[in-house]
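Read off the chains here:
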Amino acid sequence: MHEINSNLRNGMDTAAIRAAARNLDDGAVTDGYQGNREEVIAMLNGALATELVCVLRYKRHYYTVSGIHNGPVKAEFLEHAAEEQAHADLLAERIVQLNGKPDFNPASLTERSHAEYDDTEDLASMIKANLIAERVAIESYRQMLAKIGDSDPTTRQMLVGIMAKEEEHADDMRDLLE
């Protein structure tokens, strides 16, 4: 009993804390990590594919939308493309922190993405396609958060932040449809 208590100091498991100094090849993943790493990495790679498809869709819409009155919409598309790229970067970085490999393979990108690419020509269809994709992303992140629960607080916090931005994007697209 004394040995168990000697490992506890101020309610902290000092043996577990010291164990974190081992297995340096695991980087940020310590023995205390509670998530299913392979499952989390797979989910994050799906989200990465989705964000990359969203970047491409928004960029295409930015470059192809025309009309004298479409300047503000064009700017919105470019802003969203940059924010989706930032999401992709966060996801790829987290995958690496979890000792995974981010999947940027363009050959299977659309198959792995939750959202679809869009090459419509008219503005209303572009906005609608973007709103649909944002709603798909929101639901995807909601499901990932439910699955992760409290097992991986770092990934959870990142996904909550990304989902909040996707909700903002959905509102922006809905407002443009009105």
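Look above for the structure.
(A) A look at the side chain of Glu-166. You can see Glu-166 is positioned in helix H7 (residues 153-177). With no salt bridge to any partner, buried Glu-166 finds its closest opposite charge in Arg-57, at an N-O distance of 7.2 Å. Within the structure, the side chain of Glu-166 is placed 3.1 Å from the side chain of His-87, a separation counted as a polar contact. Those residues in contact with Glu-166, other than ones at most four positions away along the chain, are Glu-51, Glu-84, His-87, Glu-134, Ala-137, Ile-138 and Tyr-141.

(B) Helix H4 (residues 71-97), seen in detail. A rise of 1.5 Å per residue sets the reference length of H4, with its 27 residues, at 39 Å; its end C-alpha atoms lie 39 Å apart and thus fit the reference within 8%. Count one or two residues on from H4 and you reach Asn-99, which has phi positive near 65°.

(C) Up close: the packing of aromatic side chains. Per the stated rule, a full pass over the model turns up two aromatic pairs. Ring geometry for Tyr-58 against Phe-77: centres 6.1 Å apart, planes inclined by 45°, an arrangement best described as tilted. One end of the pair, Tyr-58, is in helix H3 (residues 37-64); the other, Phe-77, is in helix H4, with 19 residues separating them in the sequence. On the accessibility criterion, Tyr-58 (0% relative accessible area) is buried. According to the relative accessible area criterion, Phe-77 is buried, its value standing at 0%. The ring of Tyr-58 has Arg-57 sitting right over it, with the charged end atom 5.2 Å from the ring centre.

Parameters at a glance
- Residues numbered from 1 in each chain as written.
- Predicted model: local features only at pLDDT ≥ 70, side-chain atom pairs only at ≥ 80, totals over all residues.
- Heavy atoms only, no water.
- Helix = DSSP H or I, 4+ residues; strand = E, 2+ residues; numbered from the N terminus.
- Buried < 20%, exposed > 50% of the residue type's maximum accessible area, 1.4 Å probe, protein only.
- Lys, Arg positive; Asp, Glu negative; His and termini not counted.
- Salt bridge = Lys/Arg side-chain N within 4 Å of Asp/Glu carboxyl O.
- Polar contact = N/O pair within 3.5 Å; in protein donor to acceptor, adjacent residues only side chain to side chain.
- Contact = heavy atoms within 4.5 Å.
- Expected span 1.5 Å × (residues − 1).
- Phe/Tyr/Trp six-rings, centres within 6.5 Å; stacked < 30°, edge-to-face > 60°.
- Lys NZ or Arg CZ within 6 Å of the ring centre and 35° of its normal.

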